[in-house]
Amino acid sequence: MDSAILCYYHRGDVRSVSNTLPLPSVANLLSCPGAPSPTWPPQEHSESIAALFYPRSFLTRDLLQNWILKGAGLTMKIPGHVVFLLLIGGICCQNNRNAKPSGKSSKKNQGNQNQGSEAAQSAPEDEPHSGPVESGREGNSGGRAAAQQSASQNNKASDDMKLHVLKNTQVTCNDGTAAGFYLKDFKGSKRWLIFLEGGWCCYNKDSCDTRYKNIPRLMTSSDWPQTRKGSGILSAQAEENPHWYNSNIVFIPYCSSDVWSGTGPTATKEKRGPGKEKEKDAIEYTFMGSLIIREVIKDLVPKGIKQAKVVMLAGTSAGGTGVLLNIERVSSQLEQLGVEAQVRGLVDSGWFLESKQQRVPDCPDSVSCSPVDAIKRGLKLWNGVVPDKCRQQYKKGEEWQCFFSHKLYSSLTSPLFVVQWLFDEEQLRVENIYLGGQTLSEQQWTYMQNLGKDIKNSLKDVTAVFAPSCLSHTLITKSNWMTFQVKGTSLPRALQCWDKSFQEANRNSKTPLKGCPFHLIDTCHWPQCNPTCPALVDQATQQELTLLQMLVGMGLDLQKLGLDLRRDSSSITSMISNGG
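Residues numbered from 1 in each chain as written. Predicted model: local features only at pLDDT ≥ 70, side-chain atom pairs only at ≥ 80, totals over all residues. Heavy atoms only, no water.

Asks: Help me out: how do you make sense of the packing of aromatic side chains in this one?
Replies: Describing an aromatic ring pair means giving the distance of the ring centres and the angle of the ring planes. The full count for this structure, using the stated rule, is 13 aromatic pairs. Aromatic pair F186 and Y245: ring centres 6.3 Å apart, planes at 90 degrees, arrangement edge-to-face. Remark: Y245 occurs in the loop between β7 (227–228) and β8 (248–252) and F186 occurs in the loop between β5 (180–184) and β6 (191–196); sequence separation between them is 59 residues. Looking at F186, the relative accessible area reads 31%, which means it is partly exposed. Y245 sits in the buried class, given a relative accessible area of 12%. Measuring from centroid to centroid gives 5.9 Å for W351 and Y409, while their planes differ by 65 degrees, and the two rings are edge-to-face. (Phe/Tyr/Trp six-rings, centres within 6.5 Å; stacked < 30°, edge-to-face > 60°. Helix = DSSP H or I, 4+ residues; strand = E, 2+ residues; numbered from the N terminus. Buried < 20%, exposed > 50% of the residue type's maximum accessible area, 1.4 Å probe, protein only.)

Here is the structure:
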């Protein structure tokens, strides 16, 4: 790698330029001897010059011509932002003669040509529940590699969320271990993002024992790492998270198994007496999900949350339902603390509908227990709470209905943004439908089609919504979350438009925002009819499949159902080309 291109940008927000000129991420910038250290992104309206180095393997003739054309147009629009582009060969970076470039590093640089609509997609997939972050990336050998690795490690260290144990040691995880939260603060920011992890629940002794045996991380903090790296909307990288990277990010691990509703202690502790044996269903776990949220807010006061202007409570799956159950309580608590912030909610994949299948009433296991029966049983076990206004709408014993978002939504006053796949995989699993893992009956296929319609209808009165017609579960913490679109608008863009709507409201503007939508529901009716949907993968071969290929593989007789493979493939293509 003996040649590179050097771009200078002077005075102004370089991030606005990056939307026009494709730029690699900082992790792939080269460190050239004697050259100024690259800084990215530079401070807005900075007088300093940012030097960005591009490896030769990243550049092609077509790409260069495209840059020059775009650069010329940009210069006319923003004079002085683009000072000059030096073509290949103008600047040479001499490699250490004793070191050879790493082939893997070169492949990584080439891979960064794939970018989202708003920024480069460079961070690897790293779900919130993953273990500790590995420091550094594989790079070239020699002195330059050491400098690059050191810079990368420093950058990663500053992006980590750090573990904080709750000061109130009486509020714990299921097994009595300390509850807590992870924090990545952004100095000077008055925006806070508080995230609730998901993971369904347990509702009796057997289900909780099984959960503790198979998924202990959802019931104990004993193996929590000291740091975590956020992805998607939890990322501290502007390329991956363009509108929330510069906020204070709080991640609250889920270890209470109560859909964040429990106020413990459990009402079913061991009961012994003279001549009495231990009760069959006696349970020794504690359920304090709602209390954990309350204590986290308290512990964030010395961290600066009192200066907040915007607090967004977000969550995925059961964490999304937890947002709906707790947002009014969080808003009230912050107000009592004197925080003059607008509290908003972001609900991802927590918009569940009641199951239509008849189940065994005594819930012998999680497969045969419907969500309604699980919640009914769990509420008593957890000493669970629901928002007051919703509880008042139902008679005693019917509070479980407030766990279903479409029944709870209208009673809440806090602004909410709902993210929901129209064909949610977890909703399908409730009906024992596992795509790619079993045969599919005609009745199940009919249920799948109707599910999309039912979820779509339940979302029609939601003010802010992003609902792609896809088969998946959770979205906002995926590192590629910027790639999914509805009607040409990505979720980060829709969230930005939602944010702007509050700014316009504060200015008493009566003019609606043009070209900035945040009520986005796919209009096509098939699963996977949105061209940006996550790929379906064959569980046996790990190969990507189309929906019709997967249906055939699951034994569905398409002709019997009146589905013609060729005809319906073209009709789906037509729907996609019309924008879904």
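Asks: When you look at the pairing of strand β13 (residues 464–467) in this model, what are you seeing that I'm missing?
Replies: Looking down a regular strand, the side chains alternate between one sheet face and the other. Residues A464 and F466 line one face of β13 and the alternating positions V465 and A467 line the opposite face, and both faces are buried. Of the pairings in the sheet, the one linking strand β11 (residues 416–419) to β13 comprises 3 bridges and is parallel in character. Note that in β13 the partner of V419 across the bridge is F466. Relative to strand β17 (residues 519–521), β13 is paired through 3 bridges, and the arrangement is parallel. Among the inter-strand pairings, V465 is bridged to a residue of β17, identified as H519. (Pairing = 2+ DSSP bridges.)

Asks: Hey, could you run me through the pattern of salt bridges in this one?
Replies: Pairing is possible between side chains that carry opposite charge, provided their charged atoms lie close to one another. Applying the stated rule across the entire model yields 10 salt bridges. Here E295 and K298 are joined by a salt bridge, their closest N and O atoms 3.4 Å apart. Separated by 3 residues within a single helix, E295 and K298 lie in helix α6 (residues 289–300), roughly one turn from each other. According to the relative accessible area criterion, K298 is partly exposed, its value standing at 41%. Two residues, R429 and E426, come together in a salt bridge whose shortest N-O distance is 2.3 Å. With R429 and E426 both in helix α11 (residues 425–430) and 3 residues apart, this pair spans about one turn of that helix. (Salt bridge = Lys/Arg side-chain N within 4 Å of Asp/Glu carboxyl O.)

Asks: Mind showing me how you'd approach the environment of T286 here?
Replies: In this structure, T286 sits in the loop between β8 and α6. Relative accessible area serves as the criterion here: at 11%, T286 is assigned to the buried category. In this structure the C-alpha to C-alpha distance between T286 and V171, which are 115 residues apart in sequence, comes to 9.1 Å. Among the polar contacts listed, one links the side chain of T286 to the side chain of T172, at a separation of 3.3 Å. (Polar contact = N/O pair within 3.5 Å; in protein donor to acceptor, adjacent residues only side chain to side chain.)

Asks: In this structure, what is going on with helix α8 (residues 371–382)? I would like to understand it.
Replies: Because each turn of an α-helix spans 3.6 residues, side chains separated by three or four positions end up pointing in the same direction. For α8, which comprises 12 residues, the first-to-last C-alpha distance of 15 Å matches the rise-based estimate of 16 Å (1.5 Å per residue) to within 8%. α8 sits mainly inside the fold: 9 of its 12 residues count as buried. Of the positions making up α8, those classed as buried are P371, V372, D373, A374, I375, G378, L379, L381 and W382. Where α8 is buried, its residues touch α5 (205–214) and α11. Positioned one or two residues after α8, N383 has a phi angle of 55 degrees, which is positive. (Expected span 1.5 Å × (residues − 1). Contact = heavy atoms within 4.5 Å.)

Asks: Would you explain the packing of α6 against helix α7 (residues 318–336) in this entry?
Replies: Helix-helix packing is described using two parameters, namely the angle between the two axes and the distance between the axes. In the contact formed by α6 and α7, the axes pass within 11 Å of each other and the chain directions differ by 30 degrees. Classed by the angle they form, the pair α6 and α7 counts as roughly parallel. Pair α6 / α7 crosses with right-handed handedness. Residue-level contacts link S290, I293, R294, I297 and K298 of α6 to N326, R329, V330, Q333 and L334 of α7. Split into classes, the residues belonging to the contact of α6 with α7 amount to 4 nonpolar, 3 polar and 3 charged. (Axes fitted to C-alpha atoms, helices over the stretch in contact; angles between N-to-C directions. Parallel < 35°, antiparallel > 145°, perpendicular 65-115°, else oblique. Left-handed = near helix turned anticlockwise from the far one by under 90°. Nonpolar A, V, L, I, M, F, W, Y, C, P; charged D, E, K, R; others polar.)

Asks: Would you take a moment to explain unusual backbone geometry for this structure?
Replies: Note: most residues except glycine have negative phi, and most peptide bonds are trans. Phi at N383 is positive, roughly 55 degrees, even though this residue is not glycine. In this fold, N383 is placed in the loop between α8 and α9 (388–392). Notably, T474 is not glycine yet its phi reads approximately 70 degrees, a positive angle. Positionally, T474 belongs in the loop between β14 (471–472) and β15 (485–486).

Asks: Help me out: how do you make sense of the sheet that holds β17 in this one?
Replies: Strand order across the open sheet formed by 10 strands is β7-β4-β5-β8-β6-β9-β10-β11-β13-β17, with mixed pairing between neighbours. Strand pairing shows two members of the sheet lacking a second neighbour, β7 and β17, which therefore form its edges. Direction of pairing for β6 relative to β8: parallel, over a ladder of 5 bridges. Looking across to β8, one finds that W192 is bridged to N248.

Asks: Please explain the side chain of D522 as it appears in this structure.
Replies: Within the fold, D522 resides in the loop between β17 and β18 (536–537). One buried charged side chain, D522, makes no salt bridge at all; its nearest oppositely charged neighbour is K487, positioned 6.7 Å away. (Lys, Arg positive; Asp, Glu negative; His and termini not counted.)

Asks: Would you explain the state of the cysteines in this entry?
Replies: Here is the idea: a disulfide is a covalent bond, and it sits between the sulfur atoms of two cysteines. Overall, the coordinates contain 6 disulfides when judged by the stated rule. The disulfide that involves C202 links it to C208, with 2.1 Å between the sulfurs. Classification of the bridge connecting C202 and C208 rests on its S-S torsion, roughly 85 degrees, and on that basis the disulfide is right-handed. The exposure classification of C202 matches that of C208, with both residues buried. Here C201 is not disulfide-linked; the sulfur of C202 is the nearest cysteine sulfur, at 6.8 Å. Of the residues examined, C201 reaches a relative accessible area of 6% and is grouped as buried. (Disulfide = S-S within 2.5 Å.)

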